[in-house]
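Take a look at the letters that make up each chain.
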Amino acid sequence: MATSDNRLLDGIIEQADKSAQKKIEEAKASASVILAEAAERIEAQNALLERELEQKLKLISLRLETNKASARRRAILAEVDDRYQMVMDRVVELFDAKRVSAHLSQWIAEATLGLDLREAKVSSSRKAPVSEAHLKEAARLIKNATGAEVTLHLDSKQLPGLGVVVSSLDETVSFNNQVDIRLRRFDRVIRTMIQEHA
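Reading the values: rules and limits
- Residues numbered from 1 in each chain as written.
- Predicted model: local features only at pLDDT ≥ 70, side-chain atom pairs only at ≥ 80, totals over all residues.
- Heavy atoms only, no water.
- Pairing = 2+ DSSP bridges.
- Helix = DSSP H or I, 4+ residues; strand = E, 2+ residues; numbered from the N terminus.
- Axes fitted to C-alpha atoms, helices over the stretch in contact; angles between N-to-C directions.
- Contact = heavy atoms within 4.5 Å.
- Core = buried A, V, L, I, M, F, W, Y, C linked by side-chain atoms within 4.5 Å.
- Buried < 20%, exposed > 50% of the residue type's maximum accessible area, 1.4 Å probe, protein only.

Just checking my understanding: could you explain the sheet that holds strand β2 (residues 151-159) for this structure?
By way of backbone hydrogen bonds, the strands of a sheet pair with one another, either parallel or antiparallel. Reading across from one edge, β2-β1-β3-β4 is the order of the 4 strands in this open sheet, with mixed pairing throughout. Pairing within the sheet leaves two strands with one partner each, and these edge strands are β2 and β4 (174-178). Strand-to-strand twist in this sheet, taken as the mean axis angle between neighbours without regard to direction, amounts to 20°. When strand β3 (residues 163-167) meets β4, the two strands line up antiparallel, connected through 5 bridges. When the sheet's bridge partners are listed, Gly163 is paired in β4 with Gln178. On top of the sheet, helix α2 (residues 97-115) reaches β1 (119-125), β2, β3 and β4; it is set at about 25° to β3, its chief contact. Strand contacts of helix α3 (residues 132-146): β1 and β2, with the helix running at about 135° to β2, the strand carrying the most contacts.

Written out as structure tokens, the structure reads:
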């Protein structure tokens, strides 16, 4: 009986061994599948992270190039502004009272024609005052250019800047031909010329 019990016990142990071995093999196979799937997920996640990183690096690179281009543009504009100011300062220096006085008749004629007036008054600065001779010359220039006869009067108002302002007698319309205003009219042209040479 003891032998039969031993055989029975040996059979149970052998059966338990086989069952345990089978479960170990199944567990190893399952673990291999789980590890392979995890490795695939890790690889896919790494690829995704690499693509995201690549896109971020491209975006940073584009921003850097955009910032560099903006900085270059700002530097060029600052240089143009500096040169423009130098040019304008020099031009204003050159426009002294004597030089301006030589052009007053033409500026009066231009302003009067611009307003299309037959009678107007002209104000000027104390530094370069308009004279009756300027008014006569302006009227002559208008007559020669258009055939129209105009009457021009000196205005007692004095301007702070060099040049002239031609106004209707009732002052409803006026044409400002002072040096600083004339220069502003050419602002875009001057800036363009400076940019082309910058």
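Just to check I follow, could you spell out the nonpolar core for this structure?
The nonpolar side chains of a soluble globular protein tend to be buried with one another. Counting 28 residues, the largest nonpolar core has Val100, Ile108, Val122, Val130, Leu152, Val164 and Val166 as the members making the most contacts within it. For this core, the secondary structure elements donating two or more residues are α1 (2-94), α2, β1, α3, β3, α4 (179-185) and α5 (187-197). Among the elements that make up this core, the one with the highest residue count is α2 (7 residues). Excluding residues within four positions of it along the chain, Ile108 makes contact with Val122, Val130, His134, Leu135, Ala138, Leu152, Val164 and Val166.

None of the figures reported here should be taken as evidence of function without further support.
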